[in-house]
Amino acid sequence: MKDWIETTEIQIPVPTVVSIGKFDGDHKGHQKIFSCMRKIAAREHCATAIFTFGTPPAQIVTGSSRPQITTNAERRKKLESAGIEYLVEYPFTAEVAAMSGEDFLKNILIGRMNMKFIVAGPDCAFGRNRSGNAELLQRLGPELGFQTFIIEKEQDEGRDISSSYIREELQNGNIGKANELLGSVYSVEGIVERGNHIGGSILGFPTVNLSVPEGKLLPRHGVYETETQLPDGSWVRGITNVGTNPSVKEDRQHHRARIETFLLNYSGDLYDQRICVRFLRFLRPELKFDSLDALKEQIQRDIQSIGS
């Protein structure tokens, strides 16, 4: 996949089928769009291309940031896996913010991305004051030389599948439902960092501490059944605590959420290596124990609950 990250100097040399959006989470609704794009690309002998912003416009306009289900790096990997050939992560500048929907179509999607087809949802919006929409696409298509395909949203029990819906389920600890909506397994990738060594030296359960990527949405604090992909590509089952470890004074003082995983039937040095933790099942909320012995007993029960 060829990408342009935070640059306006883009030019795609071949005709494309384009879709625009945040694509946070790569959920079933996104997958429906990608499937349509691939079919059009194969039929019309063109390339698939995604336009998105490196930083969500709302974060620039309001100054408030909302954690993302997938980081930009994770999004790139998922888009490439979905068969996307070109990715534009455009910088959200004052010039772009002032651009009308029609000018955005002409100057960027057609002028720089060589768009001949566009796949969009019925509520798509782009340009200043959301002046670009499905009606504008269908009206200007014949004049500007592109064809529009409006794709109805995927639904779950009468509700549109969206990043907001998935975010709710993750924050409620409903990992099974979130994974169902994603059409894949929610995961966190990061570098293994050094912890306080209490897990191995005191509790008898050596753990790996994962650095949380900036801007990454974490699920509800608690303990989960997980599987972890090691640097060699193998997967190891385990249990993962997401939270601040309230039973450990040293961790409480840091306040920031941590991801700490005990790997079943594994021993090895993973420090400073990249791993991926996939969340399968919510086991229990994060609890504060009166003693480390009580915490150790609970960890033993957690391990027994997922089998060996």
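Scroll up a little and you will see the structure.
Okay, so let's go over this structure. This structure is a prediction, so every number in the text was calculated from the model and none was measured.

### Here we look at the overall build of the protein chain
Turning to step 1, where the next piece is worked out: Counting secondary structure elements, the protein chain contains eleven helices and 14 strands.
Turning to step 2, where the next piece is worked out: Dimensions of the protein chain, computed from the C-alpha atoms along their principal axes, are close to 75 × 40 × 40 Å.
Turning to step 3, where the next piece is worked out: Scored against the burial criterion, the 308 residues of the protein chain give a buried share of 48%.
Turning to step 4, where the next piece is worked out: Contacts in the protein chain between residues far apart in sequence, at least 24 positions, make up 72% of those at least 6 positions apart.
Turning to step 5, where the next piece is worked out: Carbon together with sulfur atoms contributes 46% to the accessible area of the protein chain, which is approximately 14800 Å² in total.
Turning to step 6, where the next piece is worked out: Looking at the protein chain, you have 37 positive and 40 negative side-chain charges, and the mean spots of the two groups are 1 Å apart.

### A look at the sheet that holds strand 2 (residues 16-20)
Turning to step 1, where the next piece is worked out: Read across the sheet, six strands follow the order 1-4-3-2-5-6 without closing on themselves; strand pairing throughout is parallel. Two strands bound the open sheet, and with one partner strand each, they are strand 1 (2-5) and strand 6 (147-150). Each strand of the sheet is rotated relative to its neighbour by a mean of 20°, with strand direction disregarded.
Turning to step 2, where the next piece is worked out: With five bridges connecting them, strand 2 and strand 3 (residues 47-53) associate as parallel partners. Bridged to Ser19 within strand 3 is Ile50.
Turning to step 3, where the next piece is worked out: Each of strand 5 (115-120) and strand 6 touches helix 6 (residues 134-144); the most contacted strand, strand 6, lies at about 150° to it.

### Observations regarding the nonpolar core
Turning to step 1, where the next piece is worked out: Within the largest apolar cluster, 29 residues are counted, with the highest numbers of intra-cluster contacts made by Phe51, Tyr90, Phe104, Leu105, Leu109, Met113 and Leu137.
Turning to step 2, where the next piece is worked out: Taken together, the elements giving at least two residues each to this core come down to strand 2, strand 3, strand 4 (86-90), helix 5 (101-110), strand 5 and helix 6.
Turning to step 3, where the next piece is worked out: Once residues within four sequence positions are removed from consideration, Leu109 is found in contact with Val18, Ile20, Phe51, Phe104, Asn114, Met115 and Ile118.
Turning to step 4, where the next piece is worked out: Counting residues in each nonpolar core, the second largest holds 26 residues, with Leu170, Val192, Ile275 and Val277 among its members.

### Some thoughts on the side chain of Lys177
Turning to step 1, where the next piece is worked out: Tracing the chain through its elements places Lys177 in helix 8 (residues 175-182).
Turning to step 2, where the next piece is worked out: Those residues in contact with Lys177 that sit more than four places away from it in its chain are Asp156, Glu157, Tyr165 and Glu169.

### What to know about the pairing of strand 4
Turning to step 1, where the next piece is worked out: Counting buried positions along strand 4 gives five out of five residues, so the element sits mostly inside the fold.
Turning to step 2, where the next piece is worked out: The side-chain alternation of strand 4 yields two buried faces, one formed by Tyr86, Val88 and Tyr90 and the other by Leu87 and Glu89.
Turning to step 3, where the next piece is worked out: Note that strand 1 and strand 4 share four bridges and pair parallel. Bridging from a neighbouring strand, Lys2 pairs with Tyr86 of strand 4.
Turning to step 4, where the next piece is worked out: Taken together, the five bridges between strand 3 and strand 4 define a ladder with parallel strand orientation. The partner of Phe53 across the bridge, within strand 4, is Tyr90.

### Section: helix 1 (residues 28-44)
Turning to step 1, where the next piece is worked out: Its 17 residues place the ends of helix 1 24 Å apart at the C-alpha level, agreeing with the 24 Å of an ideal helix rising 1.5 Å per residue.
Turning to step 2, where the next piece is worked out: In the core, the buried residues of helix 1 are packed alongside strand 2, strand 3, helix 3 (72-81), strand 5, strand 6 and helix 7 (163-171).
Turning to step 3, where the next piece is worked out: Looking one or two residues beyond helix 1, the residue adopting positive phi is His45, at roughly 60°.

### A few points about the sheet that holds strand 12 (residues 235-243)
Turning to step 1, where the next piece is worked out: Pairing is antiparallel around the closed barrel formed by six strands, whose spatial order is 9-10-13-12-11-14. Direction aside, the axes of adjacent strands within the sheet are offset by 45° on average.
Turning to step 2, where the next piece is worked out: Sheet topology places strand 9 (residues 187-193) next to strand 10 (residues 207-210); two bridges connect them, and they run antiparallel. Bridging across to strand 10, Val192 finds its partner in Leu210.
Turning to step 3, where the next piece is worked out: Helix 8 contacts strand 11 (222-229) and strand 14 (274-285) of the sheet and is inclined by roughly 130° relative to strand 14.

Procedures and definitions
Residues numbered from 1 in each chain as written. Predicted model: local features only at pLDDT ≥ 70, side-chain atom pairs only at ≥ 80, totals over all residues. Heavy atoms only, no water. Helix = DSSP H or I, 4+ residues; strand = E, 2+ residues; numbered from the N terminus. Buried < 20%, exposed > 50% of the residue type's maximum accessible area, 1.4 Å probe, protein only. Contact = heavy atoms within 4.5 Å. Areas by Shrake-Rupley, 256 points an atom, 1.4 Å probe, with all protein chains shown as cover. Lys, Arg positive; Asp, Glu negative; His and termini not counted. Charge placed at Lys NZ, Arg CZ, Asp CG, Glu CD. Pairing = 2+ DSSP bridges. Axes fitted to C-alpha atoms, helices over the stretch in contact; angles between N-to-C directions. Core = buried A, V, L, I, M, F, W, Y, C linked by side-chain atoms within 4.5 Å. Expected span 1.5 Å × (residues − 1).

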